Amino acid sequence: MPTNAPVRTPSNETQPQRARVEVLTAGANRGARLMQPAFAEFNRASNRFTLSPIYVDPVPDRAASLVRQATSRGVPARGVEARVEEILPSREFKRLPLILSVDNPEAIATALETAVLAERPVLIYFLIRLPNEELLGLRAVLQQGDEEHQKVGARFFRRLAQVTARSGAARVFGAEGRPEHLAIEPTYRQWFADHMNANLTKIVAKIRPESDPFEVTTDGQTTMTLLMRESPDGWTDPSVLARDVVEHPTDPITRGHDFSVAEIGPDGIRFHIARMRALDGKPAVRAAAVVDPNAYEAADVARRERAERETQEALQRAERHSVSRTQPVFTTD
């Protein structure tokens, strides 16, 4: 039977209110600008949080310009003209999550040394053009209280700063970069965005993040856990280093998958890519099965020859991935 009774609609008070999460973002240049679509996408999809970046950059008007761009995308934002380490102790920004998106590894090292991880989580997004012309993407998520990864990360970026040519994005994606890197840049940016969307609100809610503390990629798609090892007295034999990492990992390593090791040496950094065998969990070294005494003896001879050959090959690969003052890298955010 028809009725003219008014239909009750939910009032604004009954609608779930999304919590606004301000995110301190160090750097307001290329990396931060290209991360804006990820903020917009997250805010459209989330029913619980609204992300609001606070762009911090010492270059006049750079942060303000990025705020205007964010506003045009519907992303609430504000800017601060300062170095991030200058405002980290401020009461206003004291407990906000921090995203480091700058093209200078020394600035990242300083921020990691300044930040108090008991007060805030930290995310890092960084690109490195290696001497062998590979493009290495690095992303990190450090939970509150994870001082161990914070300290080794600071030492890693401090050493990287010593072997990085003065450059910026121009030497990676600009006229002085390689065209193939520019072509695949969107893939790396999406790899960064996926990481931020998967981890940021979890660490804000004090939930274990989905990703490992440090991760790298060489194609923007395949993710490898990055483990860091320090060799203050000189480079370690790659096979010894791989065995030590597998036997005493600082982070979980999945059998049958590649992982990466950043070896922090006295004069630079060396990146290794290794694999833990799925069968027995040992470093991936090809070896034949031995079934009788003669085969044992022959296998021992072959194993020594193979080990020597593989060591030489590993050293050559490590040399191509080594970073030093004579083989500097170019970096960007």
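Only a predicted model underlies this, so the values are computations on that prediction, with no experimental measurement involved.

Engineer: Mind laying out the overall build of the chain, listing which residues take part and the relevant values?
Structural biologist: Along the chain, the regular secondary structure elements total eight helices and 12 strands. Relative to its full complement of 333 residues, the chain shows a buried share of 46%. Within the chain, residue pairs in contact and separated by at least 24 positions form 71% of the contacts whose partners lie at least 6 positions apart. If you sum the accessible surface of the chain, you get close to 17,300 Å²; carbon and sulfur atoms cover 49% of it.

Engineer: Tell me about the confidence of the model for the chain, residues and numbers included.
Structural biologist: Counting all residues, the mean pLDDT for the chain is 80, and 75% of those residues have values of 70 or more. At the low end of the mean pLDDT range in the chain sits helix H8 (residues 293–320), at 56; at the high end sits helix H2 (residues 62–72), at 96. Segment residues 5–12 is flagged for pLDDT under 50; beyond a separation of four residues in sequence, or across chains, it makes two contacts in the model. Low pLDDT (under 50) marks residues 285–300, which in the prediction has 10 contacts with non-local residues, meaning those over four places away or in another chain.

Engineer: Just give me the short version of the packing of aromatic side chains, but keep the residues and values in it.
Structural biologist: Taken as a whole and assessed by the stated rule, the structure comprises five aromatic pairs. Note on Tyr125 and Phe192: the rings are 5.2 Å apart at their centroids and 50° apart in plane angle, and the pair reads as tilted. Within this pair, whereas Tyr125 is found in strand S5 (residues 122–129), its partner Phe192 is found in helix H6 (residues 179–204), the two being separated by 67 residues in sequence. Ring centres 6.3 Å apart and planes at 80° place the aromatic pair Phe156 and Phe271 in the edge-to-face group.

Parameters at a glance
- Residues numbered from 1 in each chain as written.
- Predicted model: local features only at pLDDT ≥ 70, side-chain atom pairs only at ≥ 80, totals over all residues.
- Heavy atoms only, no water.
- Helix = DSSP H or I, 4+ residues; strand = E, 2+ residues; numbered from the N terminus.
- Buried < 20%, exposed > 50% of the residue type's maximum accessible area, 1.4 Å probe, protein only.
- Contact = heavy atoms within 4.5 Å.
- Areas by Shrake-Rupley, 256 points an atom, 1.4 Å probe, with all protein chains shown as cover.
- pLDDT = per-residue confidence, 0-100.
- Phe/Tyr/Trp six-rings, centres within 6.5 Å; stacked < 30°, edge-to-face > 60°.

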